[in-house]
Amino acid sequence: DRHPGERDLQLRLGEQMLIAGRRVEGREIVADSVNLASSGRNHTDQVTMMILDAAVHGSVSDREETRRFVANLSATHAIESWEHLDLVWFFFQGKWDDQRVLGIDTGTVHRWLRVLQEWARFEVEGDVERALERASELEETDEIRELANVLEARVRLWAGNPEAACQLADTTLRNLEAECRIDYQACAWVPLAEWVSGRALSEIEGREAEAGAMLARAAEHAPGTFIARPVTP
């Protein structure tokens with residue numbers, strides 16, 4: 001309240017509201033922070049939060065709002081952001097073979113986009129060896145290590161090792177939940193980790209109840225996405 005013109009403070013306030021589940025207020029404050037003239041982070045962080053929030057919740061209206069928001073940015077930044085919005089949206093919709101996921105250049109700024117793209121490619125191709133190799137490479141970068149760990153857990157589950165997948169997913173989930181207190185981006189990966197953990201638990205004898213509870217949590221955190229859809233054999 002004392003510093004309404006400070007971009008970083010307003011962005012942090014909006015981020016904390018998103019983390020707390022106050023999405024309408026959070027999105028509004030994040031968007032408004034772009035127009036503040038003070039120094040601070042550039043548009044990248046604001047756009048990322050709005051893209052992830054819309055995609056994780058499967059909200060078509062918020063996706064369109066984000067597209068209108070991006071249209072007001074510079075032409076170069078808008079084109080790149082539209083592509084990233086599409087990649088994240090269709091990834092969380094489970095449309096992994098869409099060229100708006102597989103066909104775009106993820107660039108060098110948002111390394112987490114590479115992980116989502118590799119995940120989608122694995123879902124389409126099922127190449128375990130390649131996916132594990134790429135996950136291992138991505139895990140070497142600190143800022144995306146946890147997300148890459150979730151990808152590795154997903155691949156190990158598909159390869160028939162639910163125990164290893166569950167252990168890795170659960171450890172990563174605890175780390176993400178801690179990061180999620182201050183970083184909205186980590187909150188976006190939480191339901192992915194919960195989904196992998198729940199799927200792995202469902203394949204371990206005697207842990208069906210835990211699996212159901214974990215999958216329900218994942219669906220609550222990512223409604224309107226593939227994560228919330230019933231698991232089919």
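Coordinates for the structure precede this section.
Residues numbered from 1 in each chain as written. Predicted model: local features only at pLDDT ≥ 70, side-chain atom pairs only at ≥ 80, totals over all residues. Heavy atoms only, no water.

*Asks:* Quick one: what's the story with the nonpolar core, residue by residue and with numbers?
*Replies:* Side chains of nonpolar character tend, in soluble globular proteins, to be buried together. Counting residues in hydrophobic clusters, the biggest one holds 71 residues, and the most contacted among them are V88, F91, F92, W112, L116, W189 and L192. It is helix 11 (residues 184–202) that provides the largest number of residues to this core, a total of 12 residues. If we ignore the near neighbours within four places in the chain, the residues touching F91 are W96, V101, L116, W119, A120, L192 and F226. (Core = buried A, V, L, I, M, F, W, Y, C linked by side-chain atoms within 4.5 Å. Buried < 20%, exposed > 50% of the residue type's maximum accessible area, 1.4 Å probe, protein only. Helix = DSSP H or I, 4+ residues; strand = E, 2+ residues; numbered from the N terminus. Contact = heavy atoms within 4.5 Å.)

*Asks:* Break down the state of the cysteines for me, citing the residues and quoting the values.
*Replies:* Covalent bonding between the sulfur atoms of two cysteines defines a disulfide. According to the stated counting rule, one finds 1 disulfide in the structure shown. Here C180 connects covalently by a disulfide to C187, the sulfurs 1.8 Å from one another. Given an S-S torsion of about 100°, the disulfide between C180 and C187 has right-handed geometry. When sorted by exposure, C180 lands in the same class as C187, which is buried. (Disulfide = S-S within 2.5 Å.)

*Asks:* Break down the packing of helix 9 (residues 145–158) against helix 11 for me, citing the residues and quoting the values.
*Replies:* Each packed pair of helices is defined by two parameters, the angle between the axes and the distance between the axes. Helix 11 packs onto helix 9 with a crossing angle of 20° between their chain directions and a minimal axis gap of 10 Å. One finds that helix 9 runs roughly parallel with respect to helix 11. By crossing handedness, the relation of helix 9 to helix 11 is classed as left-handed. Across the interface between the two elements, L147, V150, A153, R154 and L157 of helix 9 pack against W189, L192, A193, W195, V196, R199 and A200 of helix 11. Across the contact of helix 9 with helix 11, the residue classes tally to 10 nonpolar, no polar and 2 charged. (Axes fitted to C-alpha atoms, helices over the stretch in contact; angles between N-to-C directions. Parallel < 35°, antiparallel > 145°, perpendicular 65-115°, else oblique. Left-handed = near helix turned anticlockwise from the far one by under 90°. Nonpolar A, V, L, I, M, F, W, Y, C, P; charged D, E, K, R; others polar.)

*Asks:* Give me the environment of S59: which residues, what numbers.
*Replies:* As for its position among the elements, S59 is in the loop between helix 3 (43–56) and helix 4 (60–71). By relative accessible area, S59 is classed as buried at 13%. Side-chain polar atoms of S59 contact the backbone nitrogen of D62, separated by 3.1 Å. (Polar contact = N/O pair within 3.5 Å; in protein donor to acceptor, adjacent residues only side chain to side chain.)

*Asks:* Please give an account of the pattern of salt bridges that cites residues and values.
*Replies:* This model, assessed by the stated rule, comprises 21 salt bridges. Linking E15 and R12 is a salt bridge whose minimum nitrogen-to-oxygen distance equals 2.7 Å. In this pair, E15 and R12 are both assigned in helix 1 (residues 7–19), 3 residues apart and thus about one turn of the helix distant. Given the relative accessible area of 4%, E15 is considered buried. Taking the shortest distance from any N to any O, the salt bridge between R111 and E143 comes out at 2.9 Å. Here R111, found in helix 7 (residues 111–125), pairs with E143, found in the loop between helix 8 (128–138) and helix 9; they are 32 residues apart in sequence, far enough to count as distant. (Salt bridge = Lys/Arg side-chain N within 4 Å of Asp/Glu carboxyl O.)

That's the geometry; what it means functionally is another story.
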